[in-house]
Amino acid sequence: MDHQRPYLCPGCQGNRSRFELIFHFVQEVQKDPATGQVLYAADELLPLSRGDRPAMDVRCCVCQFTGHEGLFIKAARRNAPPALQRPS
Ligand SMILES: [Zn+2]
């Protein structure tokens, strides 16, 4: 899974450990065009996919930067941590 890879926030360039994963789900609805009333709503929420993968965004808990997961993985790859220290 991609979210097992290291992240680095491309916004603040400092956060590597505190993130929120944002998933997108789709619910099909049918509305009355005049009143806006929902006439039908699907029981199931389907994960929205981006190509063949579920669409997932990541938010940095430090600076609130939000973007596609790939941006965080790329930033981490470009900019390796100075030392492999485990946060205590
Ligand atoms: Zn950040």
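It should be noted that the structure appears before, not after, this text.
Residues numbered from 1 in each chain as written. Predicted model: local features only at pLDDT ≥ 70, side-chain atom pairs only at ≥ 80, totals over all residues. Heavy atoms only, no water.

**Looking at the environment of Ala80**
Next up, step 1: Its location among the elements puts Ala80 in the segment after helix H1 (69–78).
Next up, step 2: Judged by relative accessible area, Ala80 falls into the exposed class, the value being 53%.
Next up, step 3: The spacing of Ala80 and Tyr7 is 73 residues in sequence and 9.9 Å in space, taken between C-alpha atoms. (Helix = DSSP H or I, 4+ residues; strand = E, 2+ residues; numbered from the N terminus. Buried < 20%, exposed > 50% of the residue type's maximum accessible area, 1.4 Å probe, protein only.)

**Re H1**
Note that an α-helix has 3.6 residues per turn; residues three or four places apart therefore point the same way.
Next up, step 1: Along H1, the positions that sit buried rather than exposed are Glu69, Phe72, Ile73, Ala75 and Ala76. For H1, the arc enclosing every buried residue in end-on projection is 160 degrees, short of the 170-degree limit, so these residues lie on one face. Residues of H1 that are exposed and angled more than 90 degrees away from the buried face: Arg77 and Arg78.
Next up, step 2: In this structure, the buried side of H1 is in contact with strand E1 (19–23), strand E7 (53–54), strand E8 (56–60) and strand E9 (66–68). (Arc of directions from axis to C-beta. Contact = heavy atoms within 4.5 Å.)

**Some points on the nonpolar core**
Soluble globular proteins: nonpolar side chains tend toward being buried together.
Next up, step 1: Within the largest apolar cluster, seven residues are counted, these being Tyr7, Cys9, Met56, Val58, Cys60, Phe72 and Ile73.
Next up, step 2: Listed by contribution, the elements that provide at least two residues to this core are E8 and H1. (Core = buried A, V, L, I, M, F, W, Y, C linked by side-chain atoms within 4.5 Å.)

**Considering the sheet that holds E8**
Next up, step 1: With antiparallel pairing, the three strands of this open sheet are ordered in space as E1-E8-E9. Unpaired on one side and paired on the other, E1 and E9 mark the two borders of the sheet. Going from strand to strand, the sheet's axes swing by 30 degrees on average, the running direction of each strand aside.
Next up, step 2: Pairing geometry for E8 and E9, over three bridges, is antiparallel. Counterpart to Val58 in the pairing with E9 is Gly67.
Next up, step 3: Relative to E9, H1 is tilted by about 90 degrees, and along the sheet it contacts E1, E8 and E9. (Pairing = 2+ DSSP bridges. Axes fitted to C-alpha atoms, helices over the stretch in contact; angles between N-to-C directions.)

**Notes on the coordination of the zinc ion**
Next up, step 1: In the first shell of the zinc ion, the protein supplies Cys9 (SG), Cys12 (SG), Cys60 (SG) and Cys63 (SG), at 2.3 to 2.4 Å from the metal.
Next up, step 2: Every donor counted, the four donor atoms about the zinc ion form angles of 103 to 116 degrees at the centre, which fits tetrahedral coordination.
Next up, step 3: Between the donor residues of the zinc ion, the gaps in sequence give the motif C-x2-C-x47-C-x2-C. One end of the pair, Cys9, is in the segment before E1; the other, Cys60, is in strand E8, with 51 residues separating them in the sequence. Taken individually, Cys9 and Cys60 each receive the classification buried, so the pair is uniform in this respect. (Donors = N, O, S within 2.8 Å, 3.2 Å for Na, K, Ca; no water. Tetrahedral: all angles 85-135°; square planar, octahedral: opposite > 155°, others 65-115°.)

That is the geometry; function is a separate question.
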